[in-house]
Amino acid sequence: TKVILAYASQSEQLITDFYTYLAMYSQSDAIDLHKELDTTITQLFLSDNVLVEDFITGSNQKITLVQALRFCKEYKLVVSVNDIQNIAVNENSFNVKYQLLVTSKSVTKTYNFTQKVYFFPVQKSFGSNKKTVWELKLGEF
């Protein structure tokens, strides 16, 4: 139980990290930084084809993660996460509820999301030794 609670806490931190990285797009126009952010963010997710809510243009449609990253670069958004909390622990995932504040051109919109964070074992090799470790990956919201 303690281990699962620790991973639940890490799942909340993973979501916070995602939005911190998104906010970095607006802080610099450096292409190298943007490429590094793209790589780092896509590694946080189960897949770069994960569908996410379009919180950038507010279209109420689902878009792929790659599209969302492209929009973030174009629109130079300021994002922040509030009231983040785990609301459900499933066999292989956590459901995390949070409020997202998105500011673009002095207009702030508020969104309430529930995001799935996957929790699964991965076998890693350390030289000739193999060990099963648990990994967290962001999913759809």
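Note that the structure is a prediction, hence the values are computed from the model and not measured. (Residues numbered from 1 in each chain as written. Predicted model: local features only at pLDDT ≥ 70, side-chain atom pairs only at ≥ 80, totals over all residues. Heavy atoms only, no water.)

Caption draft 1: Local environment of the pattern of salt bridges. Tallying each qualifying case throughout the model produces six salt bridges. Where aspartate 38 meets lysine 73, a salt bridge forms, and the shortest distance between an N and an O atom there is 2.8 Å. In this pair, aspartate 38 sits in helix α2 (residues 31-44) while lysine 73 sits in helix α3 (residues 65-75), placing the two residues 35 residues apart along the sequence. (Salt bridge = Lys/Arg side-chain N within 4 Å of Asp/Glu carboxyl O. Helix = DSSP H or I, 4+ residues; strand = E, 2+ residues; numbered from the N terminus.)

Caption draft 2: View of helix α1 (residues 2-25). The first and last C-alpha atoms of α1 sit 36 Å apart over 24 residues, in line with the 34 Å expected at 1.5 Å per residue. Where α1 is buried, its residues contact α2, α3, β3 (78-89), β4 (93-104), β5 (107-126) and β6 (129-138). (Expected span 1.5 Å × (residues − 1). Contact = heavy atoms within 4.5 Å.)

Caption draft 3: Geometry of the packing of aromatic side chains. This model, assessed by the stated rule, comprises 14 aromatic pairs. Seen from their ring centres, tyrosine 7 and phenylalanine 119 are 4.9 Å apart, and the 55 degrees between their planes marks the pair as tilted. Pair noted here: tyrosine 7 is in helix α1 and phenylalanine 119 is in strand β5, with a separation of 112 residues, a long-range link. No difference in accessibility class separates tyrosine 7 from phenylalanine 119, as the two residues are buried. Geometrically, the ring pair formed by tyrosine 98 and phenylalanine 113 is edge-to-face, given 6.0 Å between the ring centres and 65 degrees between the ring planes. Placement of the pair is tyrosine 98 in strand β4 and phenylalanine 113 in strand β5, with a sequence separation of 15 residues. (Phe/Tyr/Trp six-rings, centres within 6.5 Å; stacked < 30°, edge-to-face > 60°. Buried < 20%, exposed > 50% of the residue type's maximum accessible area, 1.4 Å probe, protein only.)

Caption draft 4: Representation of the sheet that holds β5 in the model. Spatially, β3-β4-β5-β6 is the arrangement adopted by the four strands of the open sheet, whose pairing is antiparallel. Looking at which strands have only one partner, the edges of the open sheet turn out to be β3 and β6. Averaged over all adjacent pairs, the angle separating strand axes in this sheet is 25 degrees, with direction ignored. Of the pairings in the sheet, the one linking β3 to β4 comprises nine bridges and is antiparallel in character. Residue valine 81 lies in a different strand from β4, and its bridge partner there is leucine 100. (Pairing = 2+ DSSP bridges. Axes fitted to C-alpha atoms, helices over the stretch in contact; angles between N-to-C directions.)

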